[in-house]
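Residue-level structural notes
Spelled out from the first residue to the last, the chains are:
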Protein chains: 2
Amino acid sequence: MNKKSTEEKILQAAETEFIENGFKGARMQAIADRAGINKALLHYYFRTKEKLFEVIFRTVFKFFVPKMFNVFEREDLDIFEKIRIFVSEYINLIVKNPHIPGFIIHELSSKKSNIGKLFAEQNIDVDLFRRLINSEIEKGTIKDIMPEQLIINIIALSVFPVIAEPIATGVLFDGDEKKYQAMLKERDKHVADFIINSIKA
Amino acid sequence: MNKKSTEEKILQAAETEFIENGFKGARMQAIADRAGINKALLHYYFRTKEKLFEVIFRTVFKFFVPKMFNVFEREDLDIFEKIRIFVSEYINLIVKNPHIPGFIIHELSSKKSNIGKLFAEQNIDVDLFRRLINSEIEKGTIKDIMPEQLIINIIALSVFPVIAEPIATGVLFDGDEKKYQAMLKERDKHVADFIINSIKA
DNA sequence: GTCTATAAGGTGATAGAC
DNA sequence: GTCTATCACCTTATAGAC
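Owing to the predicted nature of the structure, the values given are computational and were not obtained by experimental measurement.

**What about the interface of chain B and chain A?**
Counting residues at the interface gives 44 residues for chain B and 45 residues for chain A. Summing both sides of the interface, chain B and chain A together bury roughly 4,200 Å²; the carbon and sulfur share of this comes to 73%. For the chain B face of the interface with chain A, the top three residues by lost area are Phe160, Leu172 and Phe194 of chain B, together amounting to 16%. Summed over the shared surface of chain B and chain A, the result is 13 residue pairs in polar contact (both at pLDDT 80 or more). Elements with a minimum of two residues in the side of chain B that touches chain A: helix 1 (6-25), helix 6 (100-110), helix 8 (126-139), helix 9 (147-163), helix 10 (165-172) and helix 12 (187-199) of chain B. In terms of residue count, the dominant contributor to the side of chain B that touches chain A is helix 9 of chain B (13 residues).

**Some details on the relation of the copies chain B and chain A**
Rotating chain B by 180 degrees and translating it 0.0 Å along the rotation axis places it on chain A, where the RMSD comes to 0.1 Å. Look at the turn and shift together and you get a two-fold axis relating the two. Residues of chain B ranked by C-alpha distance from the rotation axis are headed by serine 198 of chain B, positioned 1.9 Å from it. The share of interface residues of chain B whose copies in chain A are also at the interface is 100%, consistent with both copies meeting through the same surface.

**Looking at the pattern of salt bridges**
All names here are of chain A. Tallying each qualifying case throughout the model produces 21 salt bridges over all chains. Residue arginine 74 pairs with aspartate 76 through a salt bridge whose shortest N-O separation is 3.2 Å. Judged by its relative accessible area of 39%, arginine 74 falls in the partly exposed class. Assessed through its relative accessible area of 55%, aspartate 76 is described here as exposed. With its nearest N and O atoms 2.8 Å apart, the salt bridge here joins aspartate 127 to arginine 130. Pair noted here: aspartate 127 and arginine 130 are both in helix 8 (residues 126-139), with a separation of 3 residues, about one helical turn. In this structure aspartate 127 comes out as partly exposed when scored by relative accessible area, which is 42%. Three or more residues are tied together by salt bridges with common partners; here these are Glu17, Glu20 and Arg34.

**Looking at the protein's contact with DNA strand C**
Neighbouring DNA strand C are 16 residues; Thr6, Asn38 and Tyr45 of chain A together with Arg27 and Lys49 of chain B lie closest to it. For DNA strand C, the fraction of protein-proximal atoms (within 4 Å) that sit in sugar or phosphate groups is 64%. Lysine 49 of chain B has a polar backbone atom sitting 2.7 Å from a phosphate oxygen of DNA strand C. Put simply, the parts of the chain that give the surface near DNA strand C at least two residues each are helix 3 (39-46) of chain A together with helix 3 (39-46) of chain B.

**Concerning the nonpolar core**
Ranked by internal contacts, the top residues of the largest apolar core, which has 152 residues, are Phe18, Ile104 and Ile195 of chain A together with Phe18, Ile104 and Ile195 of chain B. Sequence-distant contacts of isoleucine 104 of chain B, that is, excluding residues within four places in its chain, are made with Ile167 of chain A together with Phe57, Val60, Phe61 and Phe64 of chain B.

**Some remarks on the protein's contact with DNA strand D**
Surrounding DNA strand D, one finds 16 residues, the nearest of these being Arg27, Lys39 and Lys49 of chain A together with Asn38 and Tyr45 of chain B. The sugar-phosphate share of atoms of DNA strand D within 4 Å of the protein amounts to 62%. Measuring from a phosphate oxygen of DNA strand D, one finds a backbone N or O atom of methionine 28 of chain A at 3.1 Å. Between asparagine 38 of chain B and DNA strand D, the recorded distance is 2.9 Å, taken from a side-chain N or O atom to a sugar or linking oxygen. Elements represented by at least two residues in the surface near DNA strand D include exactly helix 3 of chain A together with helix 3 of chain B.

**A few points about the packing of aromatic side chains**
Counting across every chain of the model gives 29 aromatic pairs over all chains. For the pair phenylalanine 63 of chain A and phenylalanine 64 of chain A, a centre-to-centre distance of 5.8 Å together with 55 degrees between the ring planes defines the contact as tilted. Looking at lysine 111 of chain B, its charged tip hangs above the ring of phenylalanine 23 of chain B, at a distance of 3.5 Å from the centre. Sitting above the plane of the phenylalanine 80 of chain B ring, lysine 200 of chain B keeps its charged end 5.0 Å from the centroid.

What counts, and at which threshold
- Residues numbered from 1 in each chain as written.
- Chains lettered and ligands numbered in written order.
- Predicted model: local features only at pLDDT ≥ 70, side-chain atom pairs only at ≥ 80, totals over all residues.
- Heavy atoms only, no water.
- Contact = heavy atoms within 4.5 Å.
- Buried area = accessible area lost by both parts, 1.4 Å probe.
- Polar contact = N/O pair within 3.5 Å; in protein donor to acceptor, adjacent residues only side chain to side chain.
- Helix = DSSP H or I, 4+ residues; strand = E, 2+ residues; numbered from the N terminus.
- Least-squares fit on C-alpha atoms with pLDDT ≥ 70 in both.
- Salt bridge = Lys/Arg side-chain N within 4 Å of Asp/Glu carboxyl O.
- Buried < 20%, exposed > 50% of the residue type's maximum accessible area, 1.4 Å probe, protein only.
- Near = heavy atom within 4 Å.
- Core = buried A, V, L, I, M, F, W, Y, C linked by side-chain atoms within 4.5 Å.
- Phe/Tyr/Trp six-rings, centres within 6.5 Å; stacked < 30°, edge-to-face > 60°.
- Lys NZ or Arg CZ within 6 Å of the ring centre and 35° of its normal.

This is the structure:
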């Protein structure tokens, strides 16, 4: 029935446990339980909690942070279409994995480890994005704007409502989870409109 | 020299420790050390780690979440000035306390406790904000927009770059902390412009 | 590779003297 | 109120049998 190798089972169990509880909150026993094995085997495969965490974090990070910029390389779309597609796809990705951004942010803030490497490994082509934006400004299709500020805005508008879900639900929707979900459903269109309205020349 | 009462010293030490390490990562011993007392005294004043945390979280939460809407009550400002002031003051507040938003978000996501009360205690007047926005839409000063979406946008644009500092610095500024700080310095003006450009009719 | 048993050290919490 | 000493439990990690 279960053809997954032990290592795969461990990795999947660890990912769930770490994302749910963070590094400090995660328990090796809980990971073993989720994987249907015992603690000793965990250490046989990954020696320490730290090492296991590093593998998981790397995977999650590489899955989430990059490839955000892929859309912007396509030459068949204008800048506004690119933004629409990016926002839509990214929000969709986050809604399906709502705890991952918070996990990454929290662990990056509380770890002093050599995460510097992780960014280097991603080779995200920010320069491509910079050139694109600057060229659009020169062409006169969008207003003058710092490319870094713009990309932060796009990510912020997409990610924040999901990681701040409890606050948003509590403050804005009186604890009504359904109203929050309704807002989120319209979010991709709203965000794209909001951005485009702002930058369109 | 130190006129602070023991209770005050504990509270301040606990706030630092909890914000820095989260509930699960915080250590009662570390709090005692920071306060210059011993563990036993900690329990004498606050019985359990859980109870001490609740006091801290309440304080931080009440300090941070509300009073955001105060600006919008002033009648001597137009909607755009209100937004400028709010963004400027809120970003300023966050930059001075950069770890607090992440702390609140993380603890709210990982606690199932009866936080519902906290929101009720704040009696934030979201309706005031709703009425203000809707009235401006009717007057024709701003475009049609859902007040909830707008307030989320304003908070997201203000808060996100600070809580995602390691990622922003790593991905956008090649690890150069100074470039990140420079971006942040212009952030309040940029955000206000970005929002106003978007919603101005 | 996988298990049971256990070591070694930490952590929240309390007892009891002052 | 404040301290020292200590308990009871939990957590990571390893030893050693199979």
